[in-house]
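Coordinates in review
Below are the chains, spelled out letter by letter.
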Amino acid sequence: MAEQHLATADRDAAFPVDALDAMRAEGLLGLVVPRAHNGMGGTLRDVVDAGLALGRCDMSIALIFTMHCQQAAAVVEFAAGPLRSRLLPVLGEGRHYLASVSTESGKGGHVYSARAALREEGADLVVDRFAPVVTGGEQADGFLITMKNAQATTDRDVALVYAAREQLLAEPAGDWQPMGMRATRSAPLKLTGTVPAHQILAPGVPFRTIADRVLVPYAHLGWSAAWLGAAAGALSRVLHLIRSPQGRKRFDVGSELLLTRLSRARQRLDAVHAQLRHTLRTVETTPDLTAPSAQLLLNGLKLSASEQCRAAVDDLIDAVGLQHGYLKDSPTRLEQTLRDLRSAALNYHNDRLHLADGRLTLLDREVRLV
Ligand SMILES: Cc1cc2nc3c(=O)[nH]c(=O)nc-3n(C[C@H](O)[C@H](O)[C@H](O)COP(=O)(O)OP(=O)(O)OC[C@H]3O[C@@H](n4cnc5c(N)ncnc54)[C@H](O)[C@@H]3O)c2cc1C
């Protein structure tokens, strides 16, 4: 039943509305909101564990959920004044899905800059923003949008502004027909509307601080958990197949080639898991995440997870061959998992991270390994 549902969502590039409704019904969307604001009082560690568990079943749902938690955590940490007192209880109830609007035409995925600027209109701010990739944008109850501050003189003067769905006209601006991650339905939107000026998160706090303290750690740890969950789920399905009565007839578990390929896949996943847990512990215990060694660790996790989880699934396709590795209707779902994992290197492009890491490496001459 669940597999049929997943296949349909993948085929039609349809957002998993039922899964989102189930999360709303359980209050799960309030996971990282403190109990004092009606939330579940969860932590980044809970988001990582949820990403791993959801990823085993469906990487799109895992990404939708971990990215929502990333946005919610930014609100918890940085929203102030009337925005804080109004939005946190709403988020805490766990029914409000927050979409992320960061990518922009021209600057691509670069997180620390923005091109379109907010415009002041009395005490309000005018939002006029094309958003080329918005996961679940059609279903979102609110948006966290990066834009240039109204008085900005450089692209680096970025504001993170909250807008409720009813404050904006969110017009569909294109289709979503990707290779994988089809159920995220990250279609383009044109967002226009007006919000009170107090809906800027933490005015006066540099956007870089919000990114370094919350957005980047939640992104890299949450995404990596979703990818690792997806690859671990794929390995598990392959092992169930091989060890089933039908699989025992088909596969020779004494084959050295098969054993070596299974070993490689498992080794990759255990290495990413160790890196994920180590990076999580470091983030939990390091007050200042701007040190090169901490940033290298976070970026390195994203690079390794995106490369190794995909490579593990590639190993598995070789291990089980055409019927169960390459055809859509195999219960291993390797075909879809590989397509989904192909997005990982592009979701904040690995090229961009390698350049940043090259510069950070130059700054740490003593090579302080955290
Ligand atoms: C499944 C999925 C869901 C997503 N959901 C959202 C969402 O909800 N909200 C959102 O805002 N975004 C979302 N994104 C977008 C994502 O976060 C990235 O911003 C986006 O994939 C990057 O777009 P890009 O490849 O056009 O641009 P870039 O990453 O900017 O790269 C374009 C090309 O230019 C090269 N390049 C550009 N700059 C550099 C540089 N400095 N160094 C080296 N190479 C460079 C890269 O190699 C790349 O080939 C999603 C992406 C995916 C895959």
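Residues numbered from 1 in each chain as written. Predicted model: local features only at pLDDT ≥ 70, side-chain atom pairs only at ≥ 80, totals over all residues. Heavy atoms only, no water.

Per an unreviewed UniProt entry, the protein chain carries the name Acyl-CoA dehydrogenase and comes from Streptomyces cyaneogriseus subsp. noncyanogenus.

Their axes nearest at 6 Å, the elements helix α3 (residues 44–57) and helix α6 (residues 207–243) cross at an angle of 30 degrees. Of the two elements, α3 crosses α6, and the hand of that crossing is right-handed. Here L44, V47, V48, G51, L52, G55 and R56 of α3 come into contact with α6, specifically with Y218, L221, A225, A226, L228, G229, A230, A232, G233, S236 and R237. By residue class, the composition of the contact of α3 with α6 is eleven nonpolar, five polar and two charged. (Axes fitted to C-alpha atoms, helices over the stretch in contact; angles between N-to-C directions. Helix = DSSP H or I, 4+ residues; strand = E, 2+ residues; numbered from the N terminus. Left-handed = near helix turned anticlockwise from the far one by under 90°. Contact = heavy atoms within 4.5 Å. Nonpolar A, V, L, I, M, F, W, Y, C, P; charged D, E, K, R; others polar.)

Below, the discussion takes up the UniProt feature "domain: Acyl-CoA dehydrogenase C-terminal" (unreviewed entry) in the protein chain. According to UniProt, the feature "domain: Acyl-CoA dehydrogenase C-terminal" (unreviewed entry) maps to residues 222–345 in the numbering used here. With 81% helix and 0% strand, residues 222–345 has its two end C-alpha atoms placed 14 Å apart. (UniProt positions renumbered as here; feature names shortened; annotations may be inferred.)

Around the ligand sit 21 residues, and of these S100, S102, T103, D351 and R352 come closest. Separating a nitrogen atom of the ligand from a backbone N or O atom of S100 is a distance of 2.8 Å. Measuring from an oxygen atom of the ligand, one finds a backbone N or O atom of G109 at 3.1 Å. Bound to the protein, the ligand loses 69% of the 950 Å² it would expose on its own. Sorting the residues of the shell around the ligand by element identifies α4 (59–78), β1 (98–101) and α11 (350–363) as the ones contributing at least two each. Per-element accounting of the shell around the ligand gives the leading share, three residues, to α11. Along the lines of polarity and charge, the residues of the shell around the ligand split into nine nonpolar, ten polar and two charged. (Near = heavy atom within 4 Å. Polar contact = N/O pair within 3.5 Å; in protein donor to acceptor, adjacent residues only side chain to side chain. Areas by Shrake-Rupley, 256 points an atom, 1.4 Å probe, with all protein chains shown as cover.)

All of the buried residues in helix α2 (residues 17–26) are L20, M23 and R24. When α2 is viewed along its axis, its buried side chains cluster within an angular range of 100 degrees and face the same direction. Away from the buried face of α2 by more than 90 degrees, exposed residues D18, A25 and E26 are located. Looking at the buried positions of α2, the neighbouring elements they touch are α3 and α4. Of the residues flanking the end of α2, it is G27, one or two places downstream, whose phi is positive at about 75 degrees. (Buried < 20%, exposed > 50% of the residue type's maximum accessible area, 1.4 Å probe, protein only. Arc of directions from axis to C-beta.)

Turning next to the pattern of salt bridges. Tallied over the entire structure, the rule returns 19 salt bridges. Between R277 and D49 there is a salt bridge; the shortest N-O distance is 2.9 Å. In this pair, R277 sits in helix α8 (residues 256–285) while D49 sits in helix α3, placing the two residues 228 residues apart along the sequence. Residue R339 is joined to E335 by a salt bridge in which the shortest nitrogen-to-oxygen separation is 2.7 Å. Here R339 and its partner E335 are both found in helix α10 (residues 334–342), four residues apart, which amounts to about one turn of the helix. By relative accessible area, which is 14% here, R339 ends up buried. It is possible to trace a salt-bridge network through shared partners that takes in D10, K328, E335 and R339. (Salt bridge = Lys/Arg side-chain N within 4 Å of Asp/Glu carboxyl O.)

The phi dihedral of R185 falls on the positive side, at around 40 degrees, and the residue is not glycine. By the element assignment, R185 lies in the loop between β6 (168–172) and β7 (189–196). Look at R185 and you get buried, because its relative accessible area is 17%. Its identity as a non-glycine residue notwithstanding, V367 has a phi of 50 degrees, on the positive side. Position of V367 among the secondary structure elements: in the segment after α11. Residue classification places V367 among the exposed residues on the basis of a relative accessible area of 52%.

By size, the foremost hydrophobic cluster in this structure holds 110 residues, and its most contacted members are V75, F143, I145, L201 and L221. Per-element accounting of this core gives the leading share, 21 residues, to α6. If near-sequence neighbours (up to four positions away) are discounted, L221 is found in contact with L44, V48, L276, T279, L280, V283, L298 and L301. (Core = buried A, V, L, I, M, F, W, Y, C linked by side-chain atoms within 4.5 Å.)

With respect to the secondary-structure elements, C57 resides in helix α3. The exposure class assigned to C57 is partly exposed, which follows from its relative accessible area of 41%. Expressed as a C-alpha distance, the spacing of C57 and I317, which sit 260 residues apart in the sequence, is 18 Å.

This part covers the sheet that holds strand β4 (residues 142–148). Spatial strand order, β1-β4-β5: three strands in an open sheet with mixed pairing. This sheet does not close on itself; its edge strands, each paired only once, are β1 and β5 (158–164). For this sheet, the mean inter-axis angle between neighbouring strands, taken without regard to orientation, is 25 degrees. Sheet analysis places β4 next to β5, joined by seven bridges and oriented antiparallel. Bridging from a neighbouring strand, L144 pairs with Y162 of β5. Along the sheet face, α4 touches β1, β4 and β5 and points at about 90 degrees away from the line of β1. (Pairing = 2+ DSSP bridges.)

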